[in-house]
Amino acid sequence: MAQAKNTRTRILDVAEALFGELGLDSVSIRDITTKAKVNLAAIHYHFGTKRDLIAAIFERRVVPVNEARIALLDALERTSGKKAPRIEAVLEAFVRPAVQSSLKPNKGDIAFSKLFGRCLSEPNPEVEALLRNQFEPLSTRLNAAMVRALPHLTPSEAFWRMKFTFGALHHWLLTRDKRLPAWVDPTDLESQVQKLISYAAAGLRAG
């Protein structure tokens, strides 16, 4: 049982890294089996098809983060009661789980960040449908929380502003330790998180 789990994890890790480096279409199942040192039967046993393997990669990374976000939104609703939540608290629920996940490079989150960025820049209809299904419950909850926090926003406007916020979050996660000019004061991670939340809150509040 443990050996089977280790084999599955190794396949996921290798496929995630290869897809992130080369792209989904450029990596074959043979490339994955060769680098993971498994046979073709192991891929079929654990995943089925290449598409199922891709889906498993995204499910492993995206689902726990989004579940954590929804749990934080649940807690925020309980503490807010009938009062509208502060938009900073809503953004905290969105940003914090992604940041915590990014602090675990030994678990492959850097490789997945590269893969996720590549998928955003090289659209694939199947992956887009997969991500839409994985993000739709979170998107619905976030939109509702934002409209409660900022009643002047329509659901459509809340969606667009959150889309831009997601772009800022993803870009920051990929580049936070890179290309910093010498004149920028050293800033710890928590300060950067708060800067991002303040920046996004200002954009969401804009008339």
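See the structure printed just above.
Per chain, residue numbering runs from 1 following the sequence as it is written. Only residues with pLDDT of at least 70 are given local features in this predicted model, and only at 80 or more are side-chain atom pairs given and counted; all residues enter the totals for whole chains, interfaces and linings. Water and hydrogen atoms were dropped before computing side-chain values, which therefore reflect all heavy atoms in the structure.

Along the chain, the position of Leu-18 falls in helix 1 (residues 2–22). Residue burial is assigned from relative accessible area. The probe radius is 1.4 Å, only protein chains are included, and a residue is buried under 20% of its type maximum, exposed over 50%, and partly exposed in between. We classify Leu-18 as buried; its relative accessible area is 11%. Counting along the chain gives 14 residues from Leu-18 to Ile-32, while the straight-line C-alpha distance between them is 7.6 Å. Here a residue-residue contact requires only that any non-hydrogen atoms of the pair lie within 4.5 Å. Excluding anything up to four places from it in sequence, Leu-18 contacts Gly-23, Val-27, Asp-31, Ile-32 and Lys-35. The way it works is that DSSP assigns letters per residue, a run of H or I at least four long becomes a helix, a run of E at least two long becomes a strand, and they are numbered from the N terminus.

Positive phi, close to 60°, is recorded for Lys-37, a residue that is not glycine. As for its placement among the helices and strands, Lys-37 is situated in the loop between helix 2 (29–36) and helix 3 (40–46). Given a relative accessible area of 73%, Lys-37 falls into the exposed group.

A word on the packing of helix 4 (residues 50–80) against helix 7 (residues 125–149). Where helix 4 contacts helix 7, the two axes come as close as 9 Å, and the packing angle between them is 5°. With respect to helix 7, the element helix 4 is oriented roughly parallel. Residues were grouped as follows: Ala, Val, Leu, Ile, Met, Phe, Trp, Tyr, Cys and Pro as nonpolar; Asp, Glu, Lys and Arg as charged; and all remaining residues, including Gly, as polar. Class assignment of the residues belonging to the contact of helix 4 with helix 7 gives a composition of 15 nonpolar, two polar and eight charged. Angles here are taken between N-to-C directions and fall from 0 to 180 degrees, while the axes themselves are lines fitted to C-alpha atoms, restricted in helices to the stretch in contact. Comment on the angle field: the value is read as roughly parallel under 35 degrees, roughly antiparallel over 145, roughly perpendicular from 65 to 115, and oblique elsewhere.

In what follows, salt bridge is the name for a side-chain nitrogen of Lys or Arg lying within 4 Å of a carboxyl oxygen of Asp or Glu. Counting across every chain of the model gives 11 salt bridges. The partner of Glu-16 in a salt bridge is Arg-61, with the nearest N and O atoms 2.8 Å apart. Of the two residues, Glu-16 sits in helix 1 while Arg-61 sits in helix 4, which places them 45 residues apart along the sequence. Arg-61 gets classed as buried once you look at its relative accessible area, which sits at 10%. Salt-bridge contacts for Arg-96 lead to Glu-190; the nearest nitrogen and oxygen are separated by 2.7 Å. Within this pair, whereas Arg-96 is found in helix 5 (residues 87–102), its partner Glu-190 is found in helix 9 (residues 189–205), the two being separated by 94 residues in sequence. With relative accessibility at 17%, the residue Arg-96 sits in the buried group. Taking the relative accessible area as the measure of exposure, Glu-190 reaches 36% and is therefore partly exposed. Each member of the salt-bridge network shares a partner with another, and the members are Asp-13, Glu-16, Arg-60 and Arg-61.

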